[in-house]
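This is what each chain is made of:
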Amino acid sequence: MSEDKLYDVAIVGGGLAGLALSIQCAKAGYKTILFEKEKYPFHKVCGEYISLESWNFLEDLGVPLSQMNLPILRRLHVTAPNGKLLEQELPLGGFGISRYRLDSMLADIARQNAVQVVEETKVTDVKFENELFTIQCSLFYVQSKMAAGSFGKRSNLDVKWKRKFALQKANKLNNYIGIKYHIKTKWPEDLIALHNFKNGYCGISKIEDNKFCLCYLTTAKNLENNNNSIEQLEKKILCINPYLAKIFTESEILYKSPLTISQISFAKKSQVQNHILMIGDAAGMITPLCGNGMSMAFHGSKIAFEQIDLFMQKKIPRWQMEQDYTHNWQKQFGKRLKTGRIIQRFFGSILLTNLLVSILKFFPSLTKKLISLTHGQPF
C-alpha cells in the first residue's frame, strides 16, 4: 500500500460532525481525509439553530463566533394549529447561522489543518479487512486505520449495508420530508418559533445577514394528499395556522425554489456499523422540533474523537473503542432522542397539539423541563 493512499482516519460525509471530527483528528497529528459528495459552499435542509452549549467547542475548533455578530436566540414561541401561543424563555439559549456559511468555514479550517478534503466525490463502499478500511469511490480508493460515517439522515451506504432503520417499512417515525427557505421578514432577532400544523411543524429563526431560516417538517403522506404540490400544501395546510399564514404572505422568499429532502427517519440507529463509528445524523437523529441536532453533531464528534485518539495511541483495542463510543454516545444522547420521539408523536394530530399547547401554557416548569431534556451542557 503506497503511503499517499494510507491515512490514519477517513471520514465519509462532510457535514457538521464529519468536519468537526476531521479538524480534531488533524490537530492531534493524525493524517486525515474527508469525503463530501457536494462542493462547498452549499445549502442544506436544516433549522440552523445551535444551542449555546456548542459555542466554546466551535471557537476551539477555530470558528470566530465572537467576532461574527450572530443573532442570539433567547426566547421560544410554540403555536398550535388553532393559533394558541406558548411562550418560554430558553434556559441556555442558542444562536443562528446558516449551514451554507458554517459548513464552508469548517471546511476551510479543516484544509488549514492539513485535512485532505475531497469534494464532489461519492463513496460507494467501505470495507474492513486485516485492520484496515478500504474506502471505495467511483474512480479511486484509499485505505485508513480508522473510519467514521457522517453521511447524514440516509445514504446509499445505509441501504447497501442493510442498516436496520433503512429497511423498515414506512411508519410514523421514518417517512418525513423537510422543506427549507431563507427569507426576509419582520421578526424579533432573539426569538425562535415552532408553528404547528396538521401532521407537521415549521420553525423560524434569524441567521446572519438579516436573513431568516424557515424550515418545516411534514409527512410524505401530507404532501401526497396535496397533489405532491408544495405550494398547495403551504396554502391549504400550513396557512391554517394564522402565524404561518402571516409569515408566508408577508415575507420575501430568497430561494428560486424550496430546498427539500425526503425519507427522513427518527428511528433508532446503531452507533457502530462494520467497525465504522457513526456520527451526526448517521448515529441518531433528534426530532427537529427539539431544535438541537446541530449541537448533537458537534458533541458527538468530540465523543468519537476521544475514543479514536485512545485507540490510535494504542491505549485501548478496537473492540473497546467501539464499545466505549456506543456507551458514551448513548449516555449523552439516549434520553434526548427518546424524549424527542415521544414529543414528536404529540405534534402530528391537530387535536393533541392544540390540547398540549393549551396545557403547557399553565405549566411553565414542565415546558422548561422538556426543553432541558433535549439540550445538554457546554462541552
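Conventions adopted
Residues numbered from 1 in each chain as written. Predicted model: local features only at pLDDT ≥ 70, side-chain atom pairs only at ≥ 80, totals over all residues. Heavy atoms only, no water. Helix = DSSP H or I, 4+ residues; strand = E, 2+ residues; numbered from the N terminus. Contact = heavy atoms within 4.5 Å. Axes fitted to C-alpha atoms, helices over the stretch in contact; angles between N-to-C directions. Left-handed = near helix turned anticlockwise from the far one by under 90°. Nonpolar A, V, L, I, M, F, W, Y, C, P; charged D, E, K, R; others polar. Patch = residues over 30% accessible without salt bridge, like charges linked within 9 Å, V, L, I, M, F, W, Y side chains within 5 Å. Areas by Shrake-Rupley, 256 points an atom, 1.4 Å probe, with all protein chains shown as cover. Salt bridge = Lys/Arg side-chain N within 4 Å of Asp/Glu carboxyl O. Buried < 20%, exposed > 50% of the residue type's maximum accessible area, 1.4 Å probe, protein only. Core = buried A, V, L, I, M, F, W, Y, C linked by side-chain atoms within 4.5 Å.

Peer 1: So what's going on with the environment of Leu-92? Which residues, and what values?
Peer 2: The residue Leu-92 is located in strand 5 (residues 85–96) in this model. Counting along the chain gives 15 residues from Leu-92 to His-77, while the straight-line C-alpha distance between them is 15 Å. The residues contacting Leu-92, other than those within four sequence positions of it, are Ser-51, Leu-52, Glu-53, Arg-74 and Gly-376.

Peer 1: Talk me through the packing of helix 1 (residues 16–27) against helix 9 (residues 293–312); I want residue IDs and the actual numbers.
Peer 2: Closest axis-to-axis distance for the helix 1/helix 9 pair is 8 Å, and the angle between their directions is 35°. As for the relative orientation of helix 1 and helix 9, their crossing is right-handed in sense. Side by side, helix 1 and helix 9 meet where Leu-16, Ala-17, Ala-20, Leu-21, Gln-24 and Cys-25 of the first sit next to Met-294, Ala-297, Phe-298, Ser-301, Lys-302, Ala-304, Phe-305 and Ile-308 of the second. The class makeup of the residues in the contact of helix 1 with helix 9 is 11 nonpolar, two polar and one charged.

Peer 1: Just give me the short version of a nonpolar patch on the surface, but keep the residues and values in it.
Peer 2: A surface patch of nonpolar side chains, amounting to about 590 Å² of accessible area, comprises Leu-352, Leu-355, Ile-359, Phe-362, Phe-363 and Leu-366. Looking at the nonpolar patch element by element, the count peaks at three residues for helix 11 (residues 350–361). By the secondary structure assignment, Ile-359 is in helix 11. On the basis of relative accessible area, Ile-359 is assigned to the partly exposed category, the value being 37%.

Peer 1: Requested: an account of the nonpolar core, with residues and values cited.
Peer 2: In globular proteins that are soluble, nonpolar side chains generally tend to be buried together. Judged by nonpolar contacts, the single largest core of 78 residues is most densely connected at Leu-106 and Phe-298. It is helix 9 that provides the largest number of residues to this core, a total of 10 residues. If we ignore the near neighbours within four places in the chain, the residues touching Phe-298 are Leu-16, Ala-20, Ile-50, Ser-54, Phe-57, Leu-58, Leu-102, Leu-106 and Phe-379.

Spatial relationships are all this shows, so hold off on functional conclusions.
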